Each structure stands twice: as structure tokens, then as C-alpha cells.
Amino acid sequence: MKRKEFLKKALPATMVPFFINGISIKTMASTPMLEAIKRASLKNGRVFVLIQLNGGNDGLNTIIPVDQYSNLSAARSNILIQQSKVLSLTGNNATGMHPAMTGLRSMYDNGKVSIVQSVGYPNPNFSHFRATDIWHSASDSNQYVGSGWAGRYLEDVYAGFPAGYPNTNDPDPLAISIGYSVSTVLMGPTGSTGIAISNPTSFYQLVNGTVDPAPNTPAGHELTYVRLVLQQTQAYNNTVKTAAQAVTNKATYPANNSLGDQLKIVANLIAGGLQTPIYTVSIGGFDTHSSQVTSSGSTETGSHADLWKKVSDAIAAFQSDCDQLGIADRVAGMTYSEFGRRIKSNASLGTDHGAAAPVIVFGKNVNPGIIGSNPNIPASVTVNDNVPMQYDFRQIYASVLEDWFQASVSKTDSDLLFKHFDTLAIFKSSLDVKKVRSGNSLTLMQNYPNPFKDFTNIEFVSPGGQVELRLFDSQGRLLKTLADGVVPKGSYTEVLDGTHLPAGNYYYQLITANGQTGRHLVKL
Amino acid sequence: MERRAFITQTITGKTPVKDPVLDIQNQKLPDHLDLGVASITPFSGTWGRAEAIHLLRRTLFGFTKADVDFFAAMTMSDAVDYIMTTPVNPPLPPLNGYNTSTLIDPNISAGSTWVNGPDDNNFTNKRRNSLYAWWMQQILNPDRNIREKMTLFWHNHFSTEVENVGSPIIAYNHHKLLRDNCLGNFRTFVKSVTTDPAMLVYLNGYVNTKTAPDENYARELMELFTLGKGPDSQYTEDDVKNAAKVLTGWRINNTNYTSFFNSTTHETSNKTFSSFFGNTTITGQTGANGALETDDLLNMIFAKSDVVARYIVRRLYRYFVYYVIDANIETNIIIPLANDFKTNWDVKPLVTALLKSQHFFDPNNMGCNIKNPIEVISTCSKVFNLQYPSTTVEDQYQAWYSMFTLGAYAGMMIGNPPNVSGWPAYYQTPQFTESWLNSDTLPKRISITVGLTVVGYQYKTGKKLQADVIAFAKQLASPEDPTKLIQDAIDLLLPIDLSTASKTTLKQSTLLFGQSNDYYWTNAWNDYLASPNDATKKGTVTTGLQLMLKYLLDLAENQLS
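Residues numbered from 1 in each chain as written. Chains lettered and ligands numbered in written order. Predicted model: local features only at pLDDT ≥ 70, side-chain atom pairs only at ≥ 80, totals over all residues.

A. A look at the overall build of chain B. Scanning chain B from terminus to terminus reveals 24 helices and six strands. Relative to its length of 561 residues, chain B is compact, with a C-alpha radius of gyration of 26 Å against a globular reference of 24 Å. Buried residues in chain B amount to 50% of all 561 residues. Pairs at least 24 residues apart make up 71% of the contacts formed inside chain B by residues separated by at least 6 positions. (Helix = DSSP H or I, 4+ residues; strand = E, 2+ residues; numbered from the N terminus. Rg over C-alpha atoms; globule rule 2.2 N^0.38 Å. Buried ≥ 20, exposed ≤ 12 C-beta atoms within 10 Å, placed from the backbone. Contact = placed C-beta atoms within 7 Å.)

B. Broad picture of the nonpolar core. Counting 168 residues, the largest nonpolar core has B:M136, B:A243, B:V313 and B:W400 as the members making the most contacts within it. Of the residues forming this core, the biggest block, nine residues, is contributed by helix 14 (residues 305–320) of chain B. Here B:A243 is in contact with B:A218, B:L221, B:M222 and B:L297, once residues within four sequence places are set aside. In terms of nonpolar packing, the next biggest core, distinct from the first, is built from 118 residues, A:L80, A:W149, A:A150 and A:V359 among them. (Core = buried A, V, L, I, M, F, W, Y, C linked by C-beta atoms within 7 Å.)

C. Main features of the pairing of strand 5 (residues 457–460) of chain B. Residue and element names in this part refer to chain B. Relative to strand 6 (residues 463–465), strand 5 is paired through three bridges, and the arrangement is antiparallel. Opposite Q458, over in strand 6, you have K464 as the bridge partner. Joining the antiparallel neighbours strand 5 and strand 6 is a turn of two residues, in which G462 adopts a positive phi near 80°. (Pairing = 2+ DSSP bridges.)

D. Seen up close, the interface of chain B and chain A. Counting residues at the interface gives 67 residues for chain B, matched by 54 residues for chain A. When residues of the side of chain B that touches chain A are assigned to their parent elements, the largest contribution, seven residues, is made by helix 1 (residues 2–11) of chain B. The residue makeup of the side of chain B that touches chain A, split by class, is 27 nonpolar, 25 polar and 15 charged. (Nonpolar A, V, L, I, M, F, W, Y, C, P; charged D, E, K, R; others polar.)

E. Just the sheet that holds strand 5 (residues 87–89) of chain A, in detail. Residue and element names in this part refer to chain A. Pairing in this open sheet of three strands is antiparallel, and the strands run 4-6-5 from one edge to the other. Taken across any chain shown, the strands that pair with only one partner, and hence form the sheet edges, are strand 4 (63–65) and strand 5. Between one strand axis and the next, the sheet turns through 45° on average, direction left out of account. Here strand 5 runs beside strand 6 (residues 92–97); their pairing, made up of three bridges, is antiparallel. Bridge assignment links L89 to a residue of strand 6, and that residue is N92. (Axes fitted to C-alpha atoms, helices over the stretch in contact; angles between N-to-C directions.)

F. The environment of B:A110, seen in detail. Residues and elements named next belong to chain B. Topologically, A110 is positioned in the loop between helix 4 (76–83) and helix 5 (124–140). A tally of 15 C-beta atoms within 10 Å means that A110 is categorised as partly exposed. The residues contacting A110, other than those within four sequence positions of it, are N96, N99 and V393.

G. Fine view of the pairing of strand 11 (residues 194–197) of chain A. Residues and elements named next belong to chain A. With burial as the criterion, each face of strand 11 is covered, one bearing G194 and A196 and the other bearing I195 and I197. The sheet contact formed by strand 8 (residues 175–178) and strand 11 spans four bridges and is parallel. When the bridges of strand 11 are listed, S177 appears paired with A196.

H. Quick look at the sheet that holds strand 21 (residues 490–497) of chain A. All names here are of chain A. Taken together, three strands build an open sheet; the order of strands is 17-18-21 and the sheet is antiparallel. Because the sheet does not close on itself, it has two edges, and the strands there are strand 17 (443–444) and strand 21. Two elements, strand 18 (residues 455–462) and strand 21, share eight bridges in a ladder whose sense is antiparallel. Residue pairing for strand 21: S462 is matched across the bridge by G490.

I. How the structure looks around the domain arrangement of chain B. All names here are of chain B. Here chain B is described as being made up of domain 1 (2–85 + 308–365), domain 2 (121–305) and domain 3 (470–559). Taken together, the contacts link 23 residues of domain 1 with 22 residues of domain 2. Per-element accounting of the side of domain 1 that touches domain 2 gives the leading share, six residues, to helix 14. Tallied by class, residues from the side of domain 1 that touches domain 2 come to 15 nonpolar, two polar and six charged. (Domains from an automatic or database assignment.)

J. Spotlight on the domain arrangement of chain A. Residue and element names in this part refer to chain A. In terms of domains, chain A is made up of domain 1 (43–441) and domain 2 (444–523). A separation of 31 Å is found between the C-alpha centroids of domain 1 and domain 2. Residue-level contacts link 19 residues of domain 1 with 17 residues of domain 2. Taken together, the residues of the side of domain 1 that touches domain 2 sort by class into six nonpolar, eleven polar and two charged.

K. Up close: the environment of B:L465. Residues and elements named next belong to chain B. Relative to the assigned elements, L465 resides in strand 6. A tally of 21 C-beta atoms within 10 Å means that L465 is categorised as buried. The residues touching L465, leaving out its near neighbours within four places in the chain, are L386, A399, L452, G456, Y457 and Y459.

L. Just the packing of helix 8 (residues 258–271) of chain A against helix 9 (residues 303–325) of chain A, in detail. All names here are of chain A. Two elements in contact, helix 8 and helix 9, have axes whose closest approach is 9 Å; the angle formed by their N-to-C orientations is 15°. As the angle between them shows, helix 8 and helix 9 are arranged roughly parallel. The interaxial crossing formed by helix 8 with helix 9 has right-handed handedness. Of the residues in helix 9, those touching helix 8 at L259, G260, L263, A267 and A271 are K310, V311, D313, A314, A317, F318, D321, C322 and L325. Class assignment of the residues belonging to the contact of helix 8 with helix 9 gives a composition of ten nonpolar, one polar and three charged. (Parallel < 35°, antiparallel > 145°, perpendicular 65-115°, else oblique. Left-handed = near helix turned anticlockwise from the far one by under 90°.)

M. Highlighting the packing of helix 4 of chain B against helix 16 (residues 347–356) of chain B. Residues and elements named next belong to chain B. Between helix 4 and helix 16, the shortest axis-to-axis distance is 10 Å and the interhelical angle comes to 145°. Once helix 4 is placed against helix 16, the crossing between them reads as right-handed. Side by side, helix 4 and helix 16 meet where M76, S77 and V80 of the first sit next to T352, L355 and K356 of the second. Split into classes, the residues belonging to the contact of helix 4 with helix 16 amount to three nonpolar, two polar and one charged.

Printed below as a string of C-alpha cells:
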């Protein structure tokens, strides 16, 4: 709809000039020196760590909306954490953390955590496989894209990759997945930009044989791929080994914690001097259909608690390591999962596949605090009801690309995320250039009457400028756009004609130049 | 380069070109590649060693020179029929090979099977490891039929994880079910899997109740096991929820390790499905009849017969032929095979027709599969005829178990796929089998093959598995001729031949020890044959052969099948 026009600042990539300190270099002939300057400004030494929580994390039992307690109790009494056990957050009474997350809580209190509430996308998919693809490719729900957002970014910065890499200017891997496989988020337009490492000091030294030309057949196609992996493995062998041996970790990492083991390698390689900008790590087990908690009497223990203890302890150790190794200024990371889980729990002490969930961004240079408001839990929750999205996951990617890596907005809009997404004030650097945006400061009234039968009124205050009001069903499907246009500053009321809507819970969302917020409504 | 053209197809223009048939799969190959003749008429070309080897590479977990001789002497049709004939009797169950001097199973004596129960929490891990070892035994044995390849296909398709299922007995029974049905009727198979205790545990079916339906199995039944996800499979979220209600009530009897239907937890209301299923209503049933709703559900799903048949045929095609399915392959291979398959859902004639086809034996389809990690290990084990211990059950199981751990080391822990989708190599577009290989797993694969051939792989203190490279050379036609020896080794090991220049370099730097005249090798070999107990002479030919074989096994070509 018109949102696209309003938000679209994207130009075709070929028309976009490249700026350095405000000077377009597009108008000058490309020279090796200019290329070097361009590279230097694109590569600002910053590192971002993607922590994938496989299986779909139950966000409501992770970042807990304590102001919604009575409605949460009605919806998920058998798994809900007792209110007295929820970890409180300094300066925020309405929101708390799972009791296992002591490490992250103390990071939050020390100003090193930014939580983005209810992250998702319109028309969510509930398949692990497909939802992971959507998160990794940064596509729309109904769009199929073969590359990952980080891979596209890296192939853009490292022009021509993989031909001619590594080289003197770029001796290090573009991205590293810790483990046995390379994350699909690192798939670039021409192939994977990442390498996998499970033990950085014991790369196997491969032989260099004579190479026959590959035949012009599917077998030749695959042979070329195998050779590329061989060649890259050998090429990066020494740099990775050297980095791993250059320093030792300073923090004590938790024992029997696979995520801690992975992050320990990441800290070692960053401090050892690798220029690699993106790392991926992962931990599985979040598909908690059953036994998410030990019992309805002790909901603070069980598989979900064990997982978050691991994640929280691992990140805290990693942050401490970065602090001590002197790299904390340029390292940040985030947790994400392919979806959240259903508001209503099931009888097997678990939760089924859901929609939006919080994302945790951490590092010395994040804006501490919580972006967005607590999810609003309806008084009567059916098995169909989901946490609606407040923020599109690609807004976080846009923030990482533009505010952390300083990718250009035009490049992000056109080639990396395929359209424009407003950034969020996740990183401190974004404070200098952007207004602080907070969903809490926006005015969106509760509709009246509510619940309603045929018609209801939605009132909001516009700061002036573009305004959009959208209606979603309880499963996150975008039903219609109620208002969309440029309006003067002032108070407005939209009438929602609900005569054709089935009874149930709905969610409406206001997007303005100052940010976005939303509320629930109930159709009888 | 070729991958660029291939992958940018899917990302340029932001809205990828959508093939009406194959939306989420590969769109098409690089323009210059030819997928071969797209015809399922039986192969009528010359049946030679290359064709026999291609059949064995794709249907067995490795082969020896004797296997090639055996099948090359048949006709194509007889060879495929032989491969498709699985033993009447299932393999004997796994044994207690885990007793040690300090840890002795009080109920199951060493060398006896533990699968008849009962479970014993003190031996859960030991028995799981016994199951893995036993599975490797089946994979590594010299049988000449497709059973193990089909079993792995179904294990990946109906994915479960032994480590999550709990009871090793239930896990064994599940894997017996996979083997017993591997070439049977798919419709029957799906019903058996739906009520199989291991699957009920793995996807929470056993806690799916009318008070709180658990959707886990219902979703995967449609998305992964029967209909697939794609433009032609438009079931809805409500369909998932209603299917979960239909499936409420299945429980597990932990005494006899079977499932049963508990009507008191069954949702008895009517369940109405979306227009994709023709707005079918499954009438709620009370009492024991509630279990019949499961059949109604499967009938409704299988009534979408084109969707189910094509999805299964595509999966089999990717497993046995190549992962790229373009519109031509879809029209001329997938759809005709699916049309036959949907008449009775029998798997054996389907796979037979695929394997006998003109398309399967087209040279363009040879050598283009990247081996999975188990294949890397098993093909190496078989072609060099590794000798597993025959002395004690403990040693046997230790050796087989060690081979299982090598697979896990290289990224494939059989029995435990990463999740319910199976291994990414069989579904993750656009990488598919390429996803097996990266800078971590490829060096590991190479270290494994070098370990099994040159260095020796120690599976227990003082006990090694290692190729007898002299025996390997002796079975070839002309081991004294270094040129022929290298060619014969390449034919058995690699699906793509090397250039004459490469073979010459290889010969000179290995068998000829840096010299250029063939007689250096011929003399060394003949000297050894004349004095086989002379350690120096034996050492000379052993070194030459090991160098030559290590070179071949290290090549990128050895990762292909």
C-alpha cells in the first residue's frame, strides 16, 4: 500500500553516489586510492555477533511483562514464573527477566543491554524451517530469497568476493560460524561468505594438488564448489591460527555450556586481531512444546530455565572477556529466534509455535534500556492468540547495518534489506544522528467501546507528518490499513468498521515519524 | 563464476522469479549446465563398468572391485532388480557389547540383545551407543542391496532423535519400523509412524490432549512428512490446529513399549478443514472409535494425492539423482513418476523406475552428489575392505561405534538429525548437499580418510583399523603397471577422471618416487611379490601405494558420488 511509497527512499543502486565525509566519490573516476578509502570507511573495525536460539524462544517467559500478570496467569498458569521470582530491572518496574538470567540482568543494570520488545513481521510463518529462512534472508513472509542479509552486506563491502580473497588488504575471513556448519544468514549472492571453525588451533593442513579443469557438467559444478572450500580453508588457515594463539581469554567461561565455548572462541579471535566483522553462534533446544518447566509448582526450573541460564551466563562471560581484552568498544551482539511462542500454554507444560518475541542486543555501546512497550495480554486468550509485532525484525538489521556498521541507508534499502526500514535507537552512535524514538512516548488511546460489536473508535495524537494505522488479527496477519497519509500535528479519531470481522482479539498499530506503538482490541 | 549466475537469479529484482511449480526450490541451473535427458523410459545405452559403478555409488554405502565385477556382468535391469531385492529377514537386533570388567548389565548378558526389555536407566547411554554401533554394522556390511540407503532416506524424512526419544528400546523399534517399511507402502508407513512411540515422544503426540492440543506432530505431518510446504500445498494454520485435535488421545505404554489410544483425552468435536482440503469435516468420534479419526485425517491428506506424491518423488529424486529440479525435470520426471506412485503408494516400483531410467544413467547425473559424512567413511571402509574385529562382541561394537563417532565428527550423527526437518543437505535451498562442506568439515573428512588408509585409526587401545593397501592393489588387473594401477584406483575411488598430465605427475611423485621410468615401480612390485616377507620390500611398495592413495583421497573429486 502507500506505506511503501511513504517509506521508500530507495533508489536503484546504480544511481546512488557513495559519500565519504559528505563528498560523493561517485562523480570521480574510481582509483585504487579511492577504493582503499571506501574500504576503510566501510570497515570500521566493529564486530557483530549473531546468537541464534534454535527452535523458537518463549519470549513471554524470558522478558516478562509483569504489568500483565493477572492476564498472563489466566493464559499460562502452569508455566508462568512466580511474580516474586522474576528478576527486576533497575529503572523499570513493569518488566522483568526470567530468574535464570542473572548474568544478563546484571549487564542490563550496568547499561550494556538493549531489549527490543515484540519483534516479528507481518503475516508470521509458524514453520521452523520457513521462519528461519525469513529471519536469515530478511525477506517478507511471502517472498523467497536465496541469500542471507549478512551475506549480502559482506559481499557488498568485500567487492568481488570470493575471487582474489584473501589478499593483503583483506587477509581474514569475512565471517565465521563457530561450529560444524556455516549459517545460512551468511549466504551471499555468489556463495557463502562464511567459514566454519570448531577449533581454531587445529585446522588440518591440506595438500596442494595439481588442479584439472572442472568438466562442464553438474559434477563439474559441484567439484568447483568443493575446490573453493578447500582453497578458502587453506587460505585462512594461518591467519586464524595466528589470531587464536596471539592472546588468551581473560574471563572465566561457564563449564558445560556450548554457547560459552563458542563465544570464548569468538572473543579469542577478535582480540587476536582478526578483522572478521561478523560471527555466528547458536544454541538449540528452544522448541519447548513440552516440559518447558519442571512442574506447575516450580516454573523457575526446567528446560527453558536451563537454556536461559546457559545463554545468560555465556553472554555475561563474553562481555566480561571483551571488557578485559580491551575490545568491548567495538563488539556487540544480539540473540534471535525464528519465532516466539503462543501466549496460551498447553497441558504438557509447554508452548506451541508463536509469533513476535523480544530480541536482546548487548555490548558496551548499546543504548541501555527497553525499546517498545510490554506486549499487551488480553484478558481472555484463546489458543490462536499470538504476541503481535511492535517492531519488524528488519528494523534491527537496519540498525545494525546503518548505525553499527555504517552502511549507507540507500544501500541498505536497495540491496541489503530490499526496502526501507526505520532504524531503532539501539546503538549509542545512533543518538548523535537520530531523534530518540520510544513507543512509550506516543499517544495511542484504547479504542472505545471495547469490547465492541460493530463499530469502535481509535484515537491517536499525531506529532505531524506521515501517520499509518494498521490492524492485525491475533495471528499477526495484516488485515487492513485504517489510515495512511500525511497529517498536521493534532488529535485524530478513526472509526473501525468491524461488522465483517470474526469475533476475537485484534491488535492495532500506530506508526509515526516518532516511532510506533500498538494496542489490543476485542470484537464480540 | 557459475554460482553467481545461479544464485543471483533468486535475489535480483527483490521479488524473485517464481516458477509456478517450484517456488521454494532451486529456480534453475547455471545456463551452461545440462541436467541430461529428462526421460523415465528405461535406460537403453551400453551397460558398462561406469554405469554399474554409478548405480552402486548411489544405492549402496560403498562397494568393492568385486561388486563392480558382479554387477557389470548383468544387464541393467537385472542389476537394478538385484539391488532392489532386500533380505527377507530383518537384521538381528543389537547386542550387549558394552559390558566392561567394572560395569556389567545385570539383566542382559554380554552378547545378548537388550531390545526385548526392560529399559534400565543405568544402561540407557550404553544401549544407545550399541544401537548406533549396530546401525554402522548394517551400513558397513558387504550386502548388495538398497536397504540401508533407503533406511537413511526415511530416517531423514521421518526425522527423530535417539537422544531425545528416551527409551533405547523405543528408539530401536522405530528404526526397525524404518527398515521394515523402507520399500513398502508409503500410506501404511505414514500411519505406522503417526502412532509409533518414538514419534509420539519426539513430536509430543503423547501429551496431545483435548484440554490443550499440542500441534507439533500435526504440523510436521503435513509440512514435512506428506504434503510439504510450497505453492501447491496451501493448508492453513487452522488446519494444523484441527489436525492436532484429530490426533489427540495417542499414548505410550511404557511396559510393553507400544502405543495405544486413550479415548478420555480425545477431542470428540467435529473438525472442519479449509478449502484446501475441500472443507472436509472429520466427524468427532467417542470411545475407541476416536482412533479412527486418525485414518480419516490421513485419508484426507492422501486425497491431495498430487501434492503428496510429487513432494515425496522430489525428495527421492534429490536423494538419488541431484538436487536441482527445473521445470523440465518436474514435467518429465517428477510428475510422471508421481502419477504412478499415487495409484497405490508403493515405494519399491517408484524407486525401481527412477533407477532404471534413461535419466538416472545420463552421464550428466554422474558424480554430482556430494557425499554425506557417513558415505565418506563407508565408501572408504568398503573399497579398502577394512577388517573389523571378529574376536569379541565388545571389540566389534567398539569398532563400529568408533565409525559412528567419526560420522558425528564430520557433521552427521546418524540417529540424531539436527531437528525434525532432517539434515539441511536434503532440504536447504539453494545449497542442498553443498551444505555438508565447509572449512570445518572438509578438513575433517580428509583427516578421516587419511586416518583409515595411511595412518590407521585406533578404535581401542592397541587396536587399529587400517587399509591393507597391498591387498587393494593385488585385486586390480595389473598392479605391476603403475599407469594401469593408478587408472584402476581412480575408477574405483573417483567419479571424475584426472587428466593425463595429472596422472603422470601423480605416478612420478608417488609410485615412481620422483623418477620417470615405470620400471621403478614394476621392479619394486615384482621384488615384493618374490619376497613378500621382506620387510624392506614390503615397506617400499606400501609407501608408494599409500602416497598414491592419499593423493587421490585428498582430491576434491573424492567428495563426490
